[in-house]
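So the chains spell out like this:
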Amino acid sequence: MTARVILGVSGASGALLSLAVAEALSALKVEIDLVMSSAAKLTFATEADEGALERLQALATRIHPIGNVGAAIASGSAPSAGMIVAPCSMRSLAAIACGMDDNLLVRAASVQLKERRPLILLAREAPLTLAHLRNMTSVTEMGGIILPPVPAFYLRPQGVEEIARQIGARAVDLLRLGPPQAQSWQP
């Protein structure tokens, strides 16, 4: 049986992170259920090169509209190996932390938590307010993993795409679906 992972994309800065995650999942031959917010599509138009959104969508096995809270991924009976939200806005983080399942991205994340499946949030904001930190703590206490997309400078990345690939691989590695893809520190 092929593994299935949900990829949520919110409107925070860092559109290339979602593409890097999708490419890393695709390399593992994983089925991808993609759900994007409206703001995520705007962020792609602002930050990514022409065709990046289409490349992301082409890597998806299934694309779900954000308003379809009746989609299969909104139910715990739909099997998945976990979910990655890349990037994760503070709005999406807050909704997940409070269980405010008002769209499919947040509902799918809530399902991962209630089913005790991995939920990895690439939370994008700086600096952080106390509300952000409390929401991160709440999600962590529920079993989620907060993975701020911080570059591994010790790897001496040559550009933004290389940084995004490393962070995307790190997020996918947390799902433990295969051998690690992220480059590791070699002293």
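Worth saying up front: this structure is predicted, and the values here are computed from it rather than measured.

Trainee: Can you walk me through helix α1 (residues 15-27) in this structure?
Mentor: Working note: α-helix, 3.6 residues per turn, so residues spaced by three or four point in the same direction. The end-to-end C-alpha distance of α1, which contains 13 residues, comes to 19 Å, matching closely the 18 Å that a straight helix rising 1.5 Å per residue would cover. Within α1, the full set of buried residues consists of A15, L17, S18, L19, A20, V21, A22, A24 and L25. Where α1 ends, the next residue or the one after it, K29, has phi of about 60 degrees, a positive value.

Trainee: Would you mind going over the nonpolar core with me for this structure?
Mentor: In a soluble, globular protein the nonpolar side chains are often hidden away together inside. In terms of nonpolar packing, the biggest core is built from 34 residues, with L7, F44, L56, I84 and L122 touching the most fellow members. Of all elements in the fold, only β1 (4-9), α1, β2 (31-36), α2 (38-47), α3 (52-59), β4 (82-88), β5 (119-123) and α7 (160-173) reach the threshold of two or more residues within this core. Residue contributions to this core peak at eight residues, all from α1. Sequence-distant contacts of L56, defined by excluding residues within four places in its chain, comprise L7, V9, S18, L19, A22, L34, M36 and F44. Counting residues in each nonpolar core, the second largest holds 25 residues, with C88, A97, L113 and V139 among its members.

Trainee: Looking at this model, I keep getting lost on the packing of aromatic side chains. Mind explaining?
Mentor: Inspection of the entire model under this criterion finds one aromatic pair. Between Y154 and W185, the aromatic rings sit 5.3 Å apart at their centres with planes inclined by 85 degrees, giving edge-to-face as the arrangement. Of this pair, Y154 sits in the loop between β6 (145-146) and α7 while W185 sits in the segment after α7; the two residues are 31 residues apart in sequence, bridging distant segments of the chain.

Trainee: Hey, could you run me through the side chain of S110 in this one?
Mentor: Relative to the helices and strands, S110 is located in helix α5 (residues 104-114). At 2.6 Å, the side chain of S110 forms a polar contact with the side chain of D101.

Trainee: Explanation requested: the environment of I73 in the structure shown.
Mentor: Looking at the secondary structure, you find I73 in the loop between β3 (62-64) and β4. Separated by 35 residues in the primary sequence, I73 and A108 have C-alpha atoms spaced 5.7 Å apart. Among residues more than four places away in sequence, those in contact with I73 are R4, I6, D33, V35, H64, A78, L104, A108 and V111.

Trainee: Looking at this structure, I do not really get the pairing of β4. What am I missing?
Mentor: Across the seven residues of β4, seven count as buried, placing the element largely inside the fold. Here β1 pairs with β4 via four bridges, running parallel. For I6, the partnering residue across the bridge sits in β4 and is M83. Sheet analysis places β4 next to β5, joined by four bridges and oriented parallel. Within β5, the position partnered with M83 by the bridge is L119.

Trainee: What am I meant to see in the environment of L42 here?
Mentor: One can find L42 in helix α2. L42 gets classed as exposed once you look at its relative accessible area, which sits at 60%.

Trainee: Looking at this structure, how should I read the state of the cysteines?
Mentor: One covalent bond between the sulfur atoms of two cysteine residues makes up a disulfide. For the structure shown, the criterion picks out zero disulfides. Unpaired in terms of disulfides, C98 finds its nearest cysteine sulfur in C88, a separation of 13 Å.

Trainee: Just checking my understanding: could you explain the pattern of salt bridges for this structure?
Mentor: Any two side chains of opposite charge can pair, given that their charged atoms come close. Overall, the coordinates contain seven salt bridges when judged by the stated rule. R62 is paired through a salt bridge with D33; the nearest N and O atoms lie 2.9 Å apart. In this pair, R62 sits in strand β3 while D33 sits in strand β2, placing the two residues 29 residues apart along the sequence. Across the pair E115 and K114 runs a salt bridge, and its minimum N-O distance is 2.8 Å. Sharing partners across several salt bridges, the network here consists of R4, E31, D33 and R62.

What counts as what
- Residue positions are given per chain, counting from 1 as you read along its sequence in written order.
- Where local features are concerned, this predicted model is filtered to residues with pLDDT of at least 70; where side-chain atom pairs are given and counted, the filter is 80 or more; whole-chain, interface and lining totals use all residues.
- The side-chain numbers reported here are obtained from all heavy atoms of the structure, hydrogens and water having been left aside.
- The helix and strand labels rest on DSSP assignments: H or I over at least four residues marks a helix, E over at least two residues marks a strand, and numbering proceeds from the N terminus.
- Here the expected length of a helix is defined as 1.5 Å per residue gap, with one fewer gap than residues.
- Between buried and exposed lies partly exposed: a residue is buried under 20% and exposed over 50% of the maximum accessible area for its type, with that area taken using a 1.4 Å probe on protein chains only.
- Nine residue types can take part in a nonpolar core, namely buried Ala, Val, Leu, Ile, Met, Phe, Trp, Tyr and Cys, and a core is a set of them joined through side-chain atoms within 4.5 Å.
- By definition, residues are in contact when any of their heavy atoms lie within 4.5 Å.
- Centres within 6.5 Å are what make two rings of Phe, Tyr or Trp a pair, Trp counting through its six-membered ring; a difference in plane orientation under 30 degrees is then read as stacked, over 60 as edge-to-face, and the rest as tilted.
- Throughout this description, a polar contact denotes any pair of N or O atoms lying within 3.5 Å of each other; where both atoms belong to protein, one of them has to be capable of donating a hydrogen while the other can accept it, and for residues adjacent in sequence the pair is counted only when both atoms sit in side chains.
- Strands pair, by our definition, only if DSSP identifies at least two bridges between them.
- Whenever a pair of cysteine sulfur atoms sits within 2.5 Å, that pair is classed as a disulfide.
- The term salt bridge refers to a pairing of a side-chain nitrogen on Lys or Arg with a carboxyl oxygen on Asp or Glu at a separation within 4 Å.

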